[in-house]
Amino acid sequence: MPKQRSVSQMKEDRERLGVTGNCYDLAIWLLDEFDNDGITAYPIGHDLGTDDAHVAVMALDEEGPGRNSLSSPKWESISSALRH
(Lines give C-alpha, C1' and ligand atoms only; values in the text may rest on other atoms or scores of the structure.)
Protein backbone atom coordinates (compact mmCIF):
# COMPACT_ATOMS: atom_id res chain seq x y z
CA MET A 1 0.00 0.00 0.00
CA PRO A 2 1.37 3.45 -0.93
CA LYS A 3 2.44 5.77 1.88
CA GLN A 4 0.56 9.04 2.33
CA ARG A 5 2.68 12.01 1.26
CA SER A 6 3.40 14.75 3.76
CA VAL A 7 2.15 18.28 3.08
CA SER A 8 5.73 19.40 2.45
CA GLN A 9 6.16 16.60 -0.11
CA MET A 10 2.88 17.56 -1.81
CA LYS A 11 4.06 21.19 -2.03
CA GLU A 12 7.41 20.07 -3.45
CA ASP A 13 5.68 17.82 -6.01
CA ARG A 14 3.39 20.72 -6.99
CA GLU A 15 6.35 23.02 -7.59
CA ARG A 16 8.59 20.46 -9.26
CA LEU A 17 6.11 18.33 -11.22
CA GLY A 18 2.94 20.43 -11.39
CA VAL A 19 0.87 17.70 -9.72
CA THR A 20 -1.35 18.05 -6.68
CA GLY A 21 -3.00 14.76 -5.83
CA ASN A 22 -6.36 13.20 -5.13
CA CYS A 23 -9.08 14.34 -2.75
CA TYR A 24 -7.30 12.67 0.19
CA ASP A 25 -4.02 14.49 -0.48
CA LEU A 26 -5.72 17.81 -0.96
CA ALA A 27 -7.92 17.45 2.12
CA ILE A 28 -4.81 16.83 4.23
CA TRP A 29 -3.12 19.86 2.64
CA LEU A 30 -6.18 22.05 3.17
CA LEU A 31 -6.56 20.93 6.79
CA ASP A 32 -2.92 21.86 7.37
CA GLU A 33 -3.42 25.31 5.83
CA PHE A 34 -6.53 25.93 7.92
CA ASP A 35 -4.68 24.79 11.05
CA ASN A 36 -1.78 27.15 10.26
CA ASP A 37 -4.29 30.00 9.97
CA GLY A 38 -6.04 29.10 13.22
CA ILE A 39 -9.24 28.00 11.47
CA THR A 40 -11.08 25.03 12.95
CA ALA A 41 -11.71 22.45 10.23
CA TYR A 42 -12.68 18.80 10.04
CA PRO A 43 -12.34 16.11 7.39
CA ILE A 44 -15.59 14.56 6.24
CA GLY A 45 -16.25 11.80 3.74
CA HIS A 46 -18.69 9.35 2.26
CA ASP A 47 -18.58 5.87 0.79
CA LEU A 48 -15.23 5.32 2.50
CA GLY A 49 -13.71 1.95 1.74
CA THR A 50 -15.38 1.80 -1.69
CA ASP A 51 -14.44 2.88 -5.22
CA ASP A 52 -16.86 5.81 -4.81
CA ALA A 53 -15.15 7.19 -1.70
CA HIS A 54 -14.65 10.95 -1.47
CA VAL A 55 -13.41 13.28 1.23
CA ALA A 56 -13.90 16.99 1.79
CA VAL A 57 -13.18 19.57 4.48
CA MET A 58 -15.64 21.48 6.64
CA ALA A 59 -14.24 24.76 7.99
CA LEU A 60 -15.99 26.51 10.86
CA ASP A 61 -16.49 30.25 10.78
CA GLU A 62 -16.10 31.65 14.26
CA GLU A 63 -18.00 34.80 13.20
CA GLY A 64 -21.35 33.15 13.61
CA PRO A 65 -23.71 30.35 12.64
CA GLY A 66 -24.59 29.71 9.03
CA ARG A 67 -21.24 30.83 7.68
CA ASN A 68 -19.40 27.52 7.72
CA SER A 69 -17.74 26.41 4.52
CA LEU A 70 -17.51 23.05 2.78
CA SER A 71 -14.60 22.51 0.43
CA SER A 72 -14.52 19.49 -1.82
CA PRO A 73 -10.83 19.41 -2.62
CA LYS A 74 -9.55 19.99 -6.10
CA TRP A 75 -6.86 22.46 -7.03
CA GLU A 76 -9.28 25.37 -7.61
CA SER A 77 -10.58 24.95 -4.05
CA ILE A 78 -7.25 24.77 -2.34
CA SER A 79 -5.45 27.37 -4.46
CA SER A 80 -7.57 30.25 -3.15
CA ALA A 81 -6.75 29.27 0.43
CA LEU A 82 -3.05 29.14 -0.41
CA ARG A 83 -2.91 32.55 -2.12
CA HIS A 84 -3.67 34.71 0.93
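Above this note sits the structure.
What comes next is a walk through the structure.

The rules behind these values
Residues numbered from 1 in each chain as written. Predicted model: local features only at pLDDT ≥ 70, side-chain atom pairs only at ≥ 80, totals over all residues. Heavy atoms only, no water. Core = buried A, V, L, I, M, F, W, Y, C linked by side-chain atoms within 4.5 Å. Buried < 20%, exposed > 50% of the residue type's maximum accessible area, 1.4 Å probe, protein only. Helix = DSSP H or I, 4+ residues; strand = E, 2+ residues; numbered from the N terminus. Expected span 1.5 Å × (residues − 1). Polar contact = N/O pair within 3.5 Å; in protein donor to acceptor, adjacent residues only side chain to side chain. Contact = heavy atoms within 4.5 Å. Salt bridge = Lys/Arg side-chain N within 4 Å of Asp/Glu carboxyl O.

1. Let's talk about the nonpolar core
- Counting eight residues, the largest nonpolar core consists of Cys23, Ala27, Leu30, Phe34, Ala41, Val55, Val57 and Ala59.
- Going through the elements one at a time, α2 (23-36) and β2 (54-59) are the ones with two or more residues in this core.
- With four residues, α2 is the largest single contributor of residues to this core.

2. Examining α2
- The terminal C-alpha atoms of α2, which comprises 14 residues, lie 20 Å apart, in line with the 20 Å expected from a rise of 1.5 Å per residue.
- At the N-terminal end of α2, a side-chain oxygen is found 3.0 Å from the backbone nitrogen of Tyr24, two or three residues along, and the residue is Asn22.
- Positive backbone phi, approximately 75°, marks Gly38, located one or two places after α2.

3. Remarks on the side chain of Asp13
- Looking at where Asp13 falls in the secondary structure, it is placed in helix α1 (residues 7-17).
- Side chain to side chain, Asp13 and Gln9 meet in a polar contact 2.7 Å long.
- Among residues more than four places away in sequence, those in contact with Asp13 are Arg5, Gly18 and Val19.

4. Describing the pattern of salt bridges
- Here the structure, examined in full by the defined rule, presents five salt bridges.
- The partner of Glu12 in a salt bridge is Arg16, with the nearest N and O atoms 4.0 Å apart. With Glu12 and Arg16 both in helix α1 and four residues apart, this pair spans about one turn of that helix.
- Among the residues examined, Glu12 registers a relative accessible area of 43% and is labelled partly exposed.
- The class of Arg16 is exposed, set by a relative accessible area of 54%.
- Of the charged contacts, one joins Asp13 and Arg16 as a salt bridge, the two residues approaching to 3.5 Å between their closest N and O atoms. Highlighted residues: Asp13 and Arg16, both in helix α1, separated by three residues, approximately one helical turn.

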